[in-house]
Structures are given as structure tokens and as C-alpha cells.
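Summary of structural features
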Amino acid sequence: MSEPHVTLDPSGLDPVQNKLRVPLEEQLTSALQAATHRVREHYAGEPVEEVCRRLLDETRAGLHPDIAAGFQPDMDEFCRVAVAIVRGEVS
């Protein structure tokens, strides 16, 4: 699996959010990638559901509180990253 990244749907953003979309995607992606590495490093056989929850918690912890509060990721995609962690497919 390649490094995970966050892409925001521009159709769901207001004009101001759309102007900030690229830097916000970069910040969210950075937080997700850092969380992926931390969760992978501490993975000790937990079930996918627990890994997915930890991944979300770690990602939110890496964001400004206002951004973290509004971050509503596609949980199916987050769980795909968790599955990759469990399978050892994330380098």
C-alpha cells in the first residue's frame, strides 16, 4: 500500500473552504501519515476495528483542535488503512 492521503470533495466545500482545500488536504494527509506510522510501530495483534479507532484518534491528535473537530473522514477508507497495517502492507 502506498502512503495514505486525504482528498477533500470540492463539491462539499463552501467558497472559503475551497480556497483552503489544498493546504488543508496537505495538513490532513500529514497527520494521517504520521498516525499510520505510529499505529504501525505499536501494532501488537489488535483487531482491525481497534486499529481503525486508534488510527482515527492518532490522526485527530495531530491536528489543530478546530480542524480535528470538523474532520469527518470516510471510515471505510480509514479501515482500509487499518487492514493494511494489520496485514503488514504499510511500510
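Details of the structure are given in the entry above.
Throughout what follows, the structure given in this document is the object of discussion. (Residues numbered from 1 in each chain as written. Predicted model: local features only at pLDDT ≥ 70, side-chain atom pairs only at ≥ 80, totals over all residues. Heavy atoms only, no water.)

All right, on to the overall build of the chain then. Looking only at helices and strands, the chain features 5 helices and 0 strands. Beginning at the N terminus, the succession of helices and strands in the chain can be written as α-α-α-α-α. The C-alpha atoms of the chain give a radius of gyration of 13 Å, which matches the 12 Å a tight globule of 91 residues would have. Considering only C-alpha atoms, the chain reaches an extent of 45 × 25 × 20 Å along its principal axes. Across the 91 residues in the chain, those meeting the buried criterion constitute 30%. Taking all contacts inside the chain whose residues are at least 6 apart in sequence as the whole, residues at least 24 apart take part in 57%. With the model as given, the accessible surface of the chain reaches about 5,700 Å², and the carbon-plus-sulfur share is 53%. Side-chain charges in the chain split into 9 positive and 16 negative, and the spacing between the mean points of these groups amounts to 2 Å. (Helix = DSSP H or I, 4+ residues; strand = E, 2+ residues; numbered from the N terminus. Rg over C-alpha atoms; globule rule 2.2 N^0.38 Å. Buried < 20%, exposed > 50% of the residue type's maximum accessible area, 1.4 Å probe, protein only. Contact = heavy atoms within 4.5 Å. Areas by Shrake-Rupley, 256 points an atom, 1.4 Å probe, with all protein chains shown as cover. Lys, Arg positive; Asp, Glu negative; His and termini not counted. Charge placed at Lys NZ, Arg CZ, Asp CG, Glu CD.)

So, on to the side chain of R54. In this structure, R54 sits in helix α3 (residues 48-61). Since its relative accessible area comes to 17%, R54 is described here as buried. Among residues more than four places away in sequence, those in contact with R54 are V39, H42 and E46.

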